[in-house]
Amino acid sequence: MRPRNIIGLLLAVILLVSGCAATADEAEGGTGSGTDGASLDFTAERLDGTAYDGRQLAGKPTVLWFWAPWCPTCQAQAGQVEEIAQQYDGRVNVVGVGGLADRADIEDFAGQVEGPTHLIDEEGGTWRHFGVTAQSTYVILDADGAVVTEGYLDDEELSAQVAELAG
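Basis of the calculations
- Residues numbered from 1 in each chain as written.
- Predicted model: local features only at pLDDT ≥ 70, side-chain atom pairs only at ≥ 80, totals over all residues.
- Heavy atoms only, no water.
- Salt bridge = Lys/Arg side-chain N within 4 Å of Asp/Glu carboxyl O.
- Helix = DSSP H or I, 4+ residues; strand = E, 2+ residues; numbered from the N terminus.
- Buried < 20%, exposed > 50% of the residue type's maximum accessible area, 1.4 Å probe, protein only.
- Contact = heavy atoms within 4.5 Å.
- pLDDT = per-residue confidence, 0-100.
- Phe/Tyr/Trp six-rings, centres within 6.5 Å; stacked < 30°, edge-to-face > 60°.

K.L.:
How should I be thinking about the pattern of salt bridges in this particular structure?
P.N.:
Oppositely charged side chains can pair when the atoms bearing their charge come close. Scanning the entire structure with this criterion turns up 3 salt bridges. Note that Glu 45 and Arg 103 form a salt bridge whose closest N and O atoms lie 2.8 Å from each other. In this pair, Glu 45 sits in strand E1 (residues 43-46) while Arg 103 sits in helix H4 (residues 103-110), placing the two residues 58 residues apart along the sequence. Residue classification places Arg 103 among the partly exposed positions, given a relative accessible area of 25%. Close ionic contact of Asp 53 with Arg 55 constitutes a salt bridge, the shortest N to O distance being 2.8 Å. When its relative accessible area of 51% is taken as the criterion, Arg 55 is described as exposed. Several salt bridges share partner residues, and in doing so they unite Glu 45, Arg 103 and Glu 107 into one network.

So, in structure tokens, the structure goes:
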């Protein structure tokens, strides 16, 4: 096994294990995803190295796409995500959150998918914030930041969810 694959596997295991612990919100009966809008309270890093504040997503439905550059499913979904980002530009936020790889690989893959805002999440902080433990996962939020759908969606399911939220 190549060192890069070992690192990816190790990061996946760490992310999976760290995502299994209950948050204070879950212990109090919440979802951990912040269905009251708290899910927008996160920061991350854009491809260009600048800070990204999740609160800027408020007011529009949002598609968060959690992907890894080596993931064949993620690679297959890229075209649909790109299409949705272009079709709903200005009406729906589309954000790709690249993780489970090193920065160079995340940047390379993100550079091939035009339209979404791409975030680099090498350490998995944004993944943990939304309780994501595997790629490819979508977290779809309404305009208030409440989680509407989370998990794997095929292209048709994703398109239907976004069309419904976009009105």
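K.L.:
Quick question: what am I supposed to make of the environment of Gly 96 here?
P.N.:
Topologically, Gly 96 is positioned in strand E4 (residues 93-99). In sequence terms Gly 96 and Thr 117 are 21 residues apart; their C-alpha atoms lie 6.1 Å from each other. The contact partners of Gly 96, leaving out residues within four places of it in the chain, are Trp 65, Trp 67, Pro 116, Thr 117, His 118 and Leu 119.

K.L.:
Just to check I follow, could you spell out the confidence of the model for the protein for this structure?
P.N.:
Close inspection of predicted coordinates is inappropriate in any region flagged by low pLDDT. Residues with a pLDDT of 70 or more make up 77% of the protein, whose mean pLDDT is 84. Contacts of residues 3-36 to residues separated by more than four positions or lying in other chains number 34 contacts, the stretch itself having pLDDT below 50.

K.L.:
Where do I start with the packing of aromatic side chains in this structure?
P.N.:
The relation between two aromatic rings is expressed through the spacing of the ring centres and the mutual angle of the planes. Tallying each qualifying case throughout the model produces 7 aromatic pairs. For the pair Trp 65 and Trp 67, a centre-to-centre distance of 5.9 Å together with 40° between the ring planes defines the contact as tilted. You'll find Trp 65 and Trp 67 in the same group, each marked buried. Summarising the aromatic geometry, the rings of Phe 66 and Trp 127 are spaced 5.7 Å apart at their centres and angled 80° between planes, so their arrangement reads as edge-to-face. With a gap of 61 residues between them, Phe 66 in strand E3 (residues 62-67) and Trp 127 in helix H5 (residues 125-129) connect regions that are remote in the sequence. Classification of Phe 66 by relative accessible area gives buried; the value is 0%. Given the relative accessible area of 0%, Trp 127 is considered buried.

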